[in-house]
Amino acid sequence: MPPRILIAYATKHETTREIADAIAATLKEQGIDAEARHVGTVDTLSGYDGFVIGSPIYMGKILKEAKQFVNHFADALHERPVAAFAVGMSCKDLTDENCRKVETAMEPVTGRIRIRGEMGMFAGRMNPSFVPVIGRFMRYDEAKTEDARDWEAIRAWAGRLLEWFGIAAK
Ligand SMILES: Cc1cc2nc3c(=O)[nH]c(=O)nc-3n(C[C@H](O)[C@H](O)[C@H](O)COP(=O)(O)O)c2cc1C
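Note that this is a predicted model, so its numbers are computed, not measured.

Rules behind the numbers
- Residues numbered from 1 in each chain as written.
- Predicted model: local features only at pLDDT ≥ 70, side-chain atom pairs only at ≥ 80, totals over all residues.
- Heavy atoms only, no water.
- Near = heavy atom within 4 Å.
- Polar contact = N/O pair within 3.5 Å; in protein donor to acceptor, adjacent residues only side chain to side chain.
- Areas by Shrake-Rupley, 256 points an atom, 1.4 Å probe, with all protein chains shown as cover.
- Helix = DSSP H or I, 4+ residues; strand = E, 2+ residues; numbered from the N terminus.
- Nonpolar A, V, L, I, M, F, W, Y, C, P; charged D, E, K, R; others polar.
- Salt bridge = Lys/Arg side-chain N within 4 Å of Asp/Glu carboxyl O.
- Buried < 20%, exposed > 50% of the residue type's maximum accessible area, 1.4 Å probe, protein only.
- Arc of directions from axis to C-beta.
- Contact = heavy atoms within 4.5 Å.
- Phe/Tyr/Trp six-rings, centres within 6.5 Å; stacked < 30°, edge-to-face > 60°.
- Lys NZ or Arg CZ within 6 Å of the ring centre and 35° of its normal.

A. Here's a closer look at the site of the ligand. Of all residues adjacent to the ligand, which total 21 residues, the nearest are Thr-11, Thr-15, Tyr-58, Ser-90 and Arg-125. Within the backbone of His-13, an N or O atom sits 3.1 Å from an oxygen atom of the ligand. Backbone polar atom of Ile-57 to an oxygen atom of the ligand: 2.7 Å apart, as the coordinates give it. Protein coverage of the free-state accessible area of the ligand, which is 640 Å², stands at 95%. Going through the elements one at a time, helix H1 (15-29), strand S3 (50-58) and strand S7 (125-126) are the ones with two or more residues in the shell around the ligand. The greatest single-element share of the shell around the ligand, amounting to three residues, is contributed by S3. Each residue belonging to the shell around the ligand can be placed in one class, and the counts come to ten nonpolar, eight polar and three charged.

Here it is, written out as structure tokens:
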């Protein structure tokens, strides 16, 4: 049986789901039985040898579903191989300040679970329709349609997961 890895993601507008799917595809190319699932649909961690947790950032925070997943499974994930990634437009320009903001946003994950390897920080996608009416006075009101995802960087990061997890590729 090939090793199994779960990529558990949260998303509002599917950007992070597509990134999770690309991570799963990269792992499958390495002979892994990888499965990308929305955090809300995961009710057991049994049968998996490694885990990847991903969430977009909205207003400086990860989605509450991602936090709930981590809080619910923190004990079960203890000492198991876990990696994490964040998706946000601030990841387009990974200055020290932006990295700190992403790290702060991810604290609900990193404060509860030991993360292996480097945290993934991936630029996302923006669309004016993503901005709620209540937020129209904020900076994101000038949102243009833009897909800043760097698929090569995403696949390169995914390609290092097995090494970080100590799982041999087939
Ligand atoms: C209202 C709003 C607030 C956002 N706040 C942030 C933020 O604080 N930091 C950031 O890096 N990106 C921010 N973004 C960009 C999102 O993270 C980006 O659109 C992401 O791709 C959404 O992923 P999803 O489609 O999986 O929900 C924001 C986007 C919107 C619409």
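B. Layout of the pattern of salt bridges. Scanning all chains against the criterion turns up eleven salt bridges. One salt bridge in this structure joins Arg-149 and Asp-147, with 2.7 Å as the shortest N-O distance. Here the salt bridges share partners, and the residues they tie into one network are Glu-14, Arg-17, Glu-18, Asp-21, Asp-147 and Arg-149.

C. Summary view of helix H3 (residues 96-105). Residues of H3 that are buried include every one of Asn-98, Cys-99, Val-102 and Ala-105, and no others. Take H3 and look down its axis: the buried residues cluster within an arc of 125°, on one side only. More than 90 degrees from the buried face of H3, the exposed residues found are Asp-96 and Arg-100. Residues of H3 that are buried make contact with S3, strand S4 (61-62), strand S5 (82-87), helix H4 (107-110) and strand S6 (120-122).

D. Molecular detail of the packing of aromatic side chains. Applying the stated criterion across every chain yields a total of six aromatic pairs. Here Phe-85 and Trp-157 contribute two aromatic rings whose centre-to-centre distance is 6.0 Å and whose plane-to-plane angle is 70°, an arrangement assigned as edge-to-face. With Phe-85 in strand S5 and Trp-157 in helix H5 (residues 151-158), this residue pair connects regions lying 72 residues apart in the sequence. With a relative accessible area of 0%, Phe-85 lands in the buried category. Every member of this aromatic cluster is reached through a ring pair, and the members are Phe-85, Phe-122, Trp-157 and Trp-164. Against the face of Tyr-48 rests Arg-4, its NZ or CZ located 4.4 Å from the ring centre.

All quantities given are derived from atomic positions and should not be read as evidence of function.
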